[in-house]
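# Structural overview for review
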Amino acid sequence: MIPTQAQSFSMLLVAIAPFLTAFVAPLVKRFVPQHAGWVLALIPASIFIYLFSFIDLISQGEKLRFALPWIPMLGVELSFYLDGLSLVFGLLISGIGTFIVVYSGGYLSGHPHLGRFFAFILMFMGSMLGLVLADNVITLFVFWELTSITSFLLIGFDHSRQASRRAAIQALVITGGGGLLLLAGLILMVFTTGAINISEMGHLGETATYLPVFILVLFGAITKSAQVPFHFW
């Protein structure tokens, strides 16, 4: 099923709405300090409701691809792909994210930098949403690296403590390095399949590049998720 242009813009808005909200989060905290968490949580809650509206369609076996031109000269699109797996993760991220924003508003109530924390957590949420919905490998890599940057900001939130700063830098170096390995794997996939969109890539099982791609993507994943031997960050 091919979505309309308006639907493609709507899906793009789903991916960037948390980032747009992050910019105004400190202002929301300033003007409604006691209820900022509830106000800001309306955005991930709205995203959850929007994604939930696709359940019936996806459960019937439909797969939706939303694409907008990004770098036409290189054939790169800002594209998102919605199937059963990406929908589940999108609902998890937006649903759990709603409760996290509400909870953090109460847990950190009175913290002088709560507005900044809201901004960081919303950007992290947007990065994860873009990552699980991305179809184009360049789109995927951009959001993958955004999760590294926003993780760095969240881990180093209490920047007055040396331990926080050190942990944030350590996380950024490890996940950034893993991101480069992932990029190498994605590029190898593109050259092997001749497609730049994940939904259009063929089967890699019978190619000589399967093992290198598997190893590169695996190391990218385990560095990001702090699995052994990169669990220390």
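Attention here is on the structure that accompanies the text. In this text the structure is predicted, and so the values were computed from the model without any measurement.

### Quick notes on the overall build of the protein
Of the regular secondary structure elements, the protein holds 9 helices and 2 strands. Counted from the first residue to the last, the protein has its helices and strands arranged as α-α-α-α-β-β-α-α-α-α-α. Expected size for 233 residues packed as a compact globule is a radius of gyration near 17 Å; at 19 Å, the protein falls within 12% of this value. If you line up the protein on its principal axes, its C-alpha atoms span 55 × 40 × 35 Å. Relative to its full complement of 233 residues, the protein shows a buried share of 42%. Long-range pairs, those at least 24 residues apart, make up 69% of the contacts in the protein with a sequence separation of at least 6. About 12,400 Å² of surface is accessible on the protein, with carbon and sulfur atoms providing 72% of the total. Computed over 9 positive and 9 negative side-chain charges, the inter-centroid distance for the protein is 23 Å.

### Structural notes on the nonpolar core
Counting 52 residues, the largest nonpolar core has Met-11, Phe-80, Leu-82, Val-101 and Leu-122 as its most contacted members. Looking at this core, the element that brings in the most residues is helix 6 (residues 114–133), giving 12 residues.

### Observations regarding the packing of helix 6 against helix 7 (residues 137–155)
Packing of helix 6 against helix 7 leaves a shortest axis separation of 8 Å and a crossing angle of 155 degrees. In terms of orientation, helix 6 and helix 7 fall into the roughly antiparallel class. Crossing geometry of helix 6 relative to helix 7 is assigned as left-handed. Listed contacts from helix 7 to Phe-117, Phe-120, Ile-121, Met-123, Phe-124, Gly-126, Ser-127, Met-128, Gly-130 and Leu-131 of helix 6 are Leu-140, Phe-143, Trp-144, Leu-146, Thr-147, Thr-150, Ser-151, Leu-153 and Leu-154. Split into classes, the residues belonging to the contact of helix 6 with helix 7 amount to 13 nonpolar, 6 polar and no charged.

### Some details on the pattern of salt bridges
Counted by the stated rule, this structure contains 1 salt bridge. Across the pair Arg-65 and Asp-135 runs a salt bridge, and its minimum N-O distance is 2.6 Å. Separated by 70 residues along the polypeptide, Arg-65 in strand 1 (residues 64–71) and Asp-135 in the loop between helix 6 and helix 7 bring together distant segments of the chain. Classification of Arg-65 as partly exposed rests on a relative accessible area of 22%.

### Structural notes on the layout of surface pockets
One number sums up the size of the largest pocket: a volume of about 860 Å³. What lines the largest pocket is a set of 33 residues, among which Leu-85, Leu-131, Val-132, Leu-140 and Trp-144 lie closest to the centre. Secondary-structure elements contributing two or more residues to the lining of the largest pocket are helix 5 (84–107), helix 6, helix 7, helix 8 (162–193) and helix 9 (210–224). If you tally residues by element for the lining of the largest pocket, the top one is helix 5, at 6 residues. Its residues placed into classes, the lining of the largest pocket shows 23 nonpolar, 6 polar and 4 charged.

### Topic: helix 5
Here helix 5 is 24 residues long and its end C-alpha atoms lie 34 Å apart, about the 34 Å a rise of 1.5 Å per residue gives. Buried residues of helix 5: Ser-86, Leu-87, Gly-90, Leu-91, Ile-93, Ser-94, Gly-95, Gly-97, Thr-98, Val-101, Ser-104 and Gly-105, and no others. Buried residues belonging to helix 5 abut helix 2 (36–40), helix 3 (42–52), helix 4 (55–59), strand 2 (76–82) and helix 6.

### Side note on the pairing of strand 1
The pairing of strand 1 with strand 2 spans 7 bridges and is classified as antiparallel. Across the sheet, Pro-69 pairs through a bridge with Glu-77, a residue of strand 2. Between the antiparallel neighbours strand 1 and strand 2 lie 4 residues, among them Gly-75 with a positive phi of about 70 degrees.

### Considerations on the packing of helix 8 against helix 9
Direction vectors running N to C along helix 8 and helix 9 enclose 155 degrees, while the axes themselves pass 8 Å from each other. One finds that helix 8 runs roughly antiparallel with respect to helix 9. Crossing handedness for the pair helix 8 and helix 9: left-handed. Contacts between helix 8 and helix 9 involve Ile-174, Thr-175, Gly-178, Leu-181, Leu-182, Ala-184, Gly-185, Leu-188 and Met-189 on the former and, on the latter, Pro-212, Val-213, Leu-216, Val-217, Phe-219, Gly-220, Thr-223 and Lys-224. Residues that form the contact of helix 8 with helix 9 fall into these classes: 11 nonpolar, 5 polar and 1 charged.

### Some words on the side chain of Ser-104
Tracing the chain through its elements places Ser-104 in helix 5. Those residues in contact with Ser-104 that lie beyond four places of it in its chain are Ser-109, Leu-114, Phe-117 and Phe-118.

Definitions and limits used
Sequence order sets the numbering: in each chain, residues are counted from 1 along the sequence as written. Local features in this predicted model are restricted to residues whose pLDDT is 70 or higher, and side-chain atom pairs enter the listing and the counts only when it is 80 or higher, whereas totals over whole chains, interfaces and linings include all residues. Side-chain calculation: all heavy atoms of the structure are included, whereas hydrogens and water are not. We count a stretch as a helix when DSSP gives it H or I for four or more residues in a row; a strand needs E for two or more, and each element gets its number in order from the N terminus. Note that the radius of gyration is over C-alpha atoms, with the globule rule given as 2.2 Å times the number of residues to the power 0.38. Throughout this description, buried means an accessible area under 20% of the type-specific maximum (1.4 Å probe, protein chains only), exposed means over 50%, and partly exposed covers the range between. A contact between two residues is defined here by any heavy atoms of the two lying within 4.5 Å. In short, Shrake-Rupley with a 1.4 Å probe defines the accessible areas, and a residue's cover is counted only from the protein chains shown. Residues scored as charged are limited to Lys and Arg (positive) and Asp and Glu (negative), so that His and the chain ends carry no count. The atom standing in for a charge is NZ when the residue is Lys, CZ when it is Arg, CG when it is Asp and CD when it is Glu. Residue types Ala, Val, Leu, Ile, Met, Phe, Trp, Tyr and Cys, when buried and joined through side-chain atoms within 4.5 Å, form a set referred to as a nonpolar core. The convention used is that axes are lines fitted to C-alpha atoms, helices contributing only their stretch in contact, and that angles between N-to-C directions extend from 0 to 180 degrees. In this scheme, roughly parallel covers angles under 35 degrees and roughly antiparallel covers those over 145, while 65 to 115 is roughly perpendicular and the rest are oblique. By definition, turning the near helix anticlockwise from the far helix through less than a right angle yields a left-handed crossing, and turning it clockwise yields a right-handed one. Amino acid classes used here: Ala, Val, Leu, Ile, Met, Phe, Trp, Tyr, Cys and Pro are nonpolar; Asp, Glu, Lys and Arg are charged; the rest, including Gly, are polar. What counts as a salt bridge is simple: a side-chain nitrogen of Lys or Arg found within 4 Å of a carboxyl oxygen of Asp or Glu. Computed over the protein atoms alone on a 1 Å grid, cavities are sets of points where a 1.4 Å probe fits but cannot get out and pockets are open sets with protein on both sides within 12 Å along at least five of seven lines; a residue lines them when it has an atom within 4 Å of a point. Grid points are joined across faces, edges and corners, and a volume is the space filled by probe spheres set on the points. To estimate how far a helix should extend, the number of its residues minus one is multiplied by 1.5 Å. In short, DSSP must find at least two bridges between two strands for them to pair.

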